[in-house]
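# Structure assessment
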Amino acid sequence: MEEVKLLGFWPSSFVYRVIWALKLKGVKFDYIEEDLSNKSELLLQYNPVRKNVPVLVHGGKSIAESLVILEYIEETWPQNPLLPKDPHEKALARFWMQFGVDKIRPAIFAYFRAIGEEGEKAKEFQEVLKIVEKQGLGDQKFFGGDNTIGLVDIAFGMLAYWLECIEEVVGVKVLEASSLPRLHAWAQNFKQVPVVKDNLPDRGKLLAHYKHSREKLILAASSSQ
Amino acid sequence: MAEQNKVILYGTWTSPYVKRVELALKVKGIRYEYVEEDLRNKSPLLLTFNPIHKKVPVLVHNGKAIVESLVIIEYIDETWKTGPQLLPEDPYKRSQIRFWASYMQQVSEAMVLVIKTIGEAQEKAIKEVSEKVKLLEAGLKGLFPDGIPSVHEYSKNVTLLDLVILAHFGGYEAQEEVLGLKLIDSEKTPLVVSCITALIEIPAVKESLNPLEKVVAFLKFFRENALKSATA
């Protein structure tokens, strides 16, 4: 078996997508923690284009971009499939992963960076999540089906754990049982999946990390007034 | 039986994202019906098939809709085994093609900025395109260590990435005419240029290209409009 390495950064939910996928497939790998404020030669060598994590290195060949990595993992280790077989169902799964990039990510960004408009941005973010809940999840327990998680669940994992810390730091809730009951239930169920439960960053550390980032933003906003 | 395997593509002729899908269908020899959408007056069918984004391209196959250009092309590749395989078998090669195809999004956004701006803003955008295309060139070097194959070889081995590059850069002559500058050229980006030049010779591709004057007229209009609303 060729060596598998994962370059990561402990607070990154993108990195955890790859960790969960590798563990679900039973793939052994070496994890290398990167300091993104002081990028290693290794990182710059393996991801010269984007210079970020996660980067998967398999048999010396590197793959960057978490969604590209997830597809690579799915194709290289087909056991415990994480994508539907049917081409149309597969296309739907890929649609939702792309939706995460095009709609969820900017909404989270805007919400986290909102100084003085937290309520407004939280509402906009909620509207995006309503679409996900209604059209993506529907009545299923997971995006992958009633009994099994798939790549879409993995891609949306940040909503189930990281978002709680962000909500605490921003001070306005977004994913509430009252307004997004099924998605909220999904988040609780997702966190209980053994591979996820056993592989999450420390909550206290994550909270402190987000607090620090947001404080920097607030400082920058007030000094520019 | 008439509905079996019926393929409809909803698009607009000016969208490179639609072009990507069109090229995939053509290169694989798939028969389809094309519906030109007026994005200022979207058809009820478009809104039914893409209720979330309400955008083109949308591919409808046997009544089921698929959206997002790269998702559509992967679907096409998995469903029709005719013509070239747009994503190779090897997972690593697939990952490289997917990586660069998704990187083209950034290149495309920077290119649009060049068209929509003047002066300092445009200079900044031009610089960005130049840096990104340089990286793309390096990426292509990795994928084609022996250079771009002959047209004949290429037509059998066209990939998703080739189609994406062609969709965005195929109109490079029109871009040059309207902007008065080159975003790609055979000196700085030889692989990108040879890729496009070879692809354009494939008959299925040639017939899908828009006439130069039409593209020039559209780009001029698009640029004028953007500059007008910028100063308004």
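To start, this report covers the structure provided alongside it. Values in this document were obtained by computation on a predicted structure and should not be read as measured data. (Residues numbered from 1 in each chain as written. Chains lettered and ligands numbered in written order. Predicted model: local features only at pLDDT ≥ 70, side-chain atom pairs only at ≥ 80, totals over all residues. Heavy atoms only, no water.)

## Examining the pairing of strand β2 (residues 30–33) of chain A
Residues and elements named next belong to chain A. Just so we agree on the cut-off: Two strands qualify as a pair provided that DSSP identifies no fewer than 2 bridges between them. Strands are runs of DSSP state E lasting at least two residues, helices are runs of H or I lasting at least four, and both sets are numbered from the N terminus onward. A crossover gets the label right-handed when its path from the first strand over the helix to the second runs clockwise, viewed with the strands pointing away from the viewer.
When strand β1 (residues 4–8) meets β2, the two strands line up parallel, connected through four bridges. By the bridge assignment for β2, Leu 7 is matched with Ile 32. For the segment spanning β1, helix α1 (residues 13–24) and β2, crossover handedness is right-handed.

## So, the sheet that holds strand β3 (residues 58–61) of chain B
Residues and elements named next belong to chain B. Test applied: The axes used here are C-alpha line fits, helices contributing only the stretch in contact, and every angle between their N-to-C directions lies in the interval 0 to 180 degrees. What makes two residues a contact is simply this: any of their non-hydrogen atoms within 4.5 Å.
Pairing in this open sheet of four strands is mixed, and the strands run β2-β1-β3-β4 from one edge to the other. In this open sheet, the two strands that pair with only one neighbour each are β2 (33–36) and β4 (64–67). Within the sheet, the average angular offset between the axes of one strand and its neighbour, ignoring direction, is 20°. In the sheet, strand β1 (residues 7–11) pairs with β3 via four bridges, with the strands oriented antiparallel. Residue Ile 8 lies in a different strand from β3, and its bridge partner there is Val 60. Those strands touched by helix α1 (residues 16–27) are β1, β2 and β3, and its axis lies near 155° from that of β1.

## A short note on the nonpolar core
To keep it simple, the criterion reads: Take the buried Ala, Val, Leu, Ile, Met, Phe, Trp, Tyr and Cys residues and link them wherever side-chain atoms come within 4.5 Å; each set so joined is a nonpolar core. We call a residue buried when its accessible area falls under 20% of the maximum for its residue type, exposed when it is over 50%, and partly exposed in between, using a 1.4 Å probe and counting protein chains only.
A:Phe125, A:Phe156, A:Leu159, A:Trp186, B:Leu59, B:Ile165 and B:Phe169 are the most contacted members of the largest nonpolar core, which totals 152 residues. Tallying contributions element by element places helix α4 (residues 91–116) of chain B first for this core, with 12 residues. Sequence-distant contacts of A:Leu159, defined by excluding residues within four places in its chain, comprise A:Ile104, A:Ile108, A:Phe125, A:Leu129, A:Leu175 and A:Trp186.

## Some remarks on the packing of helix α4 (residues 87–113) of chain A against helix α8 (residues 162–170) of chain A
Residues and elements named next belong to chain A. Operational definition: Comment on the angle field: the value is read as roughly parallel under 35 degrees, roughly antiparallel over 145, roughly perpendicular from 65 to 115, and oblique elsewhere. When residues are sorted by character, Ala, Val, Leu, Ile, Met, Phe, Trp, Tyr, Cys and Pro go into the nonpolar class, Asp, Glu, Lys and Arg into the charged class, and all the rest, Gly among them, into the polar class.
Running from amino to carboxyl end, α4 crosses α8 at an angle of 30°, the nearest separation of the two axes being 10 Å. Compared by their axis directions, α4 and α8 come out roughly parallel. Contacts between α4 and α8 involve Ile 108, Tyr 111 and Phe 112 from the first element and Leu 163, Ile 166, Glu 167, Val 169 and Val 170 from the second. Considering only residue class, the contact of α4 with α8 consists of seven nonpolar, no polar and one charged.

## Quick notes on the packing of aromatic side chains
What counts here: Between 30 and 60 degrees the pair is tilted, below 30 it is stacked and above 60 it is edge-to-face, where a pair is any two Phe, Tyr or Trp rings, Trp via its six-membered ring, whose centres lie within 6.5 Å. Criterion for a charge above a ring: Lys NZ or Arg CZ within 6 Å of the ring centre, and within 35 degrees of the ring normal.
Tallied over the entire structure, the rule returns 21 aromatic pairs over all chains. Plain terms: the ring middles of B:Trp100 and B:Tyr103 are 5.3 Å apart, the flat faces sit at 80° to each other, and that makes the pair edge-to-face. In this pair, B:Trp100 and B:Tyr103 are both assigned in helix α4, three residues apart and thus about one turn of the helix distant. In this pair, the class of B:Trp100 matches that of B:Tyr103, namely buried. An aromatic cluster of at least three residues, connected via ring pairs, comprises A:Tyr16, A:Trp20, A:Phe143, A:Phe156, A:Tyr161, A:Trp162, A:Trp186 and A:Phe190. Taking NZ or CZ as reference, A:Lys205 lies 4.7 Å from the ring centre of A:Trp10, over its face. In this arrangement the basic side chain of B:Lys214 is found over the ring face of B:Trp13, its NZ or CZ atom lying 4.3 Å from the centre.

## Focus on the packing of α1(B) against helix α7 (residues 160–169) of chain B
Angle between the axes and distance between the axes are the two parameters that describe a pair of packed helices. Residue and element names in this part refer to chain B. For clarity, the threshold we go by: Crossing handedness is read from the near helix: turned anticlockwise from the far helix by less than a right angle, it gives a left-handed crossing, and turned clockwise, a right-handed one.
The contact between α1 and α7 brings their axes to 8 Å, and the two run at 130°. In this view, α1 runs oblique relative to α7, as classed from their interaxial angle. The handedness of the crossing between α1 and α7 comes out as right-handed. Residues Pro 16, Tyr 17, Lys 19, Arg 20, Leu 23, Ala 24 and Val 27 of α1 touch α7, and the partners they reach there are Leu 163, Val 164, Leu 166, Ala 167 and His 168. Along the lines of polarity and charge, the residues of the contact of α1 with α7 split into nine nonpolar, one polar and two charged.

## Describing helix α8 (residues 172–179) of chain B
Residues and elements named next belong to chain B. If you check which residues of α8 are buried, you get Ala 174, Gln 175, Glu 176, Val 178 and Leu 179. Of the surrounding elements, those touching the buried residues of α8 are α4, α5 (119–143), α7 and α11 (212–231). Note on α8: the residue one or two positions beyond its end, Gly 180, has a positive phi of about 75°.

## Overview of the interface of chain A and chain B
How we decide: Two parts placed together each lose some accessible area under a 1.4 Å probe, and the buried area is that loss summed for both. Here a salt bridge means any side-chain nitrogen of Lys or Arg lying within 4 Å of a carboxyl oxygen belonging to Asp or Glu. For the purposes of these results, a polar contact is taken to be a pair of N or O atoms within 3.5 Å, where, inside protein, one atom must be able to donate a hydrogen and its partner to accept one; residues adjacent in sequence count only when each atom of the pair is a side-chain atom.
Each partner contributes to the interface: chain A provides 25 residues, whereas chain B provides 23 residues. Of all residues in chain A, the largest losses of buried area upon contact with chain B belong to A:Val49, A:His88 and A:Phe95, amounting jointly to 26% of the total for that side. Linking chain A with chain B are six salt bridges. The partner of A:Arg94 in a salt bridge is B:Glu78, with the nearest N and O atoms 3.1 Å apart. Between the two partners, chain A and chain B, sit five residue pairs in polar contact (both at pLDDT 80 or more). At the level of secondary structure, the elements contributing two or more residues to the side of chain A that touches chain B comprise β4 (61–64), α3 (66–76), α4 and α5 (118–137) of chain A. Per element, the largest residue contribution to the side of chain A that touches chain B is 11 residues, and it comes from α4(A).

## Quick look at the pattern of salt bridges
A side chain of one charge can pair with a side chain of the opposite charge when the charged atoms of the two come close. Going through the model one piece at a time under the given rule, you end up with 27 salt bridges over all chains. One salt bridge connects A:Asp139 with A:Arg182, and the closest N-O pair in it is separated by 3.5 Å. With A:Asp139 in the loop between α5 and α6 (151–155) and A:Arg182 in helix α9 (residues 181–192), this pair connects stretches of sequence that are 43 residues apart. Taking relative accessible area as the criterion, A:Arg182 reaches 34% and is therefore assigned partly exposed. Here B:Glu176 makes a salt bridge to B:Lys182, at a shortest N to O gap of 3.6 Å. Within this structure, A:Glu71, A:Glu75, A:Lys90, A:Arg94, B:Glu74, B:Glu78, B:Arg94 and B:Arg98 form a network of salt bridges that share partners.

## A few points about the environment of B:Leu160
All names here are of chain B. On the secondary structure map, Leu 160 appears in helix α7. By relative accessible area, which is 2% here, Leu 160 ends up buried. Sequence spacing of Leu 160 and Ser 69 is 91 residues, and the spatial spacing of their C-alpha atoms is 10 Å. Excluding its chain neighbours within four sequence positions, the residues that come into contact with Leu 160 are Leu 70, Ile 73, Glu 74, Leu 86, Leu 87, Ile 97 and Ala 101.

## What about the pairing of β4(A)?
All names here are of chain A. Looking at chain direction, strand β3 (residues 55–58) and β4 are connected through four bridges and run antiparallel. When the bridges of β4 are listed, Leu 56 appears paired with Ile 63. In textbook terms, the turn of a hairpin is the stretch between consecutive antiparallel strands, and for β3 and β4 this stretch comprises two residues, one of which, Gly 59, has a positive phi near 55°.

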